[in-house]
Amino acid sequence: MSEAWGPHDVGGRTGGPVDLAEHDNAYWEWQIDAMVRLALAKGLITDFAELRHGIERLAPTDYDELSYYERWAKSLASTLLASGAITQDELDGKIDAIRRRQKIESSS
Amino acid sequence: MTDNEHEHDHARTFQPDHVEPTSEAARLGLALRELLIEAGHYSVDEEQAMIAAMQGASPENGAKIVAHAWTNDDYKARLLDDGANAIRELGFDLEPYEFTVMENTKTVHNVIVCTLCSCYPRSLLGMSPAWYKSSNYRARIVREPRAVLAEFGVNLSDGVEVRVHDSTAELRYMVLPERPTGTDGWSQEQLAALVTRDSLIGTQRELGGDK
């Protein structure tokens, strides 16, 4: 294979010390996790390979900068957009609604 | 957020004390979640049940399997021969993947990783620790396992061989740690209490005992 390694293919690279800090999932991370599992259970995605494929196609900067569940979110979004389960308009509209809601809550 | 708003918007984050994230990607995830719930693909109740199930899995499951193997040679042989079936034998629910249990001995130390993503035996160990999913662990544990293990406080002598097992979507691993000395006659419950998450991953080698 002549293709360059994807950003996910890190085995054998060099790196810094392992950060041993324990980290509990934030609630939204549990929600993303549950969403992915339910999307699989309900047949919205066919298997986890589909999701991993989406993660492996992330731009290297995205892969490095996004947190674990943020990568899942991006990958599931692109998978469901591609399959037609959701539309870009619906997604954009919902993102705007959440942003407005968060702005109101943060100022109240 | 008022209670009124909360009642009208069922897809909203349930508990008000859970702060919503504000990063773009996380917001994308929340938007997706709300869309799927509103379209009826799944319900908030199903989400809650799924989260509870995920939070319910813990390394105690793996510890019970280890304690069973430590006290039953026939079971241990089956576990090492065909991990998936031996684990199901004890009533644990494994997704349909192959499962291999690797035994630590005086001269062999095993450690698991998923270099490509984050495959992990969640039904037996619960949520994977953040470091398991980190690039540094995934990159280096296959390149310089002894150095990485030393960061976890595992200092292996030259006489101990290190075997690193790279998990896949279809094949998961768990380490069978060595039974500590001084635990003859202990009950399975007592033994299981010695087994830690990290010892099942292989980033811990010595377990307590004697007392």
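Since the structure is predicted, the reported quantities are computational estimates derived from the model, not experimental observations. (Residues numbered from 1 in each chain as written. Chains lettered and ligands numbered in written order. Predicted model: local features only at pLDDT ≥ 70, side-chain atom pairs only at ≥ 80, totals over all residues. Heavy atoms only, no water.)

## Some remarks on the overall build of chain A
Inference 1: Broken down by element type, chain A carries five helices and zero strands.
Inference 2: Counted from the first residue to the last, chain A has its helices and strands arranged as α-α-α-α-α.
Inference 3: In terms of overall size, chain A is more extended than a compact globule, its C-alpha atoms giving a radius of gyration of 17 Å where 108 residues would be expected to give roughly 13 Å.
Inference 4: Projected onto the principal axes, the alpha-carbon positions of chain A cover approximately 45 × 35 × 25 Å.
Inference 5: Within the span of chain A, comprising 108 residues, buried residues form 42% of the whole.
Inference 6: In chain A, the share of contacts with a sequence separation of at least 24, taken over all contacts with a separation of at least 6, comes to 50%.
Inference 7: Approximately 5,900 Å² of chain A is accessible, and the part contributed by carbon and sulfur atoms is 52%. (Helix = DSSP H or I, 4+ residues; strand = E, 2+ residues; numbered from the N terminus. Rg over C-alpha atoms; globule rule 2.2 N^0.38 Å. Buried < 20%, exposed > 50% of the residue type's maximum accessible area, 1.4 Å probe, protein only. Contact = heavy atoms within 4.5 Å. Areas by Shrake-Rupley, 256 points an atom, 1.4 Å probe, with all protein chains shown as cover.)

## Focus on the domain arrangement of chain B
Inference 1: Along its sequence, chain B is carved into domain 1 (3-55) and domain 2 (58-201).
Inference 2: Computed from C-alpha coordinates alone, the two centres of domain 1 of chain B and domain 2 of chain B are separated by 34 Å. (Domains from an automatic or database assignment.)

## A few points about the side chain of T203(B)
Inference 1: On the secondary structure map, T203(B) appears in the segment after α11 (197-201).
Inference 2: With near-sequence residues (within four places) excluded, T203(B) lies in contact with V111(B), W131(B), Y137(B), L149(B), F152(B), V154(B) and D198(B).

## With respect to the environment of C114(B)
All names here are of chain B.
Inference 1: Tracing the chain through its elements places C114 in the loop between β2 (108-113) and α7 (122-125).
Inference 2: For C114, a relative accessible area of 1% gives the class buried.
Inference 3: Put simply, C114 and E170 are 56 residues apart on the chain and 12 Å apart in space, counted from C-alpha to C-alpha.
Inference 4: Apart from the residues lying within four places of it in its own chain, the contact partners of C114 are C119, Y132, R138, D166 and S167.

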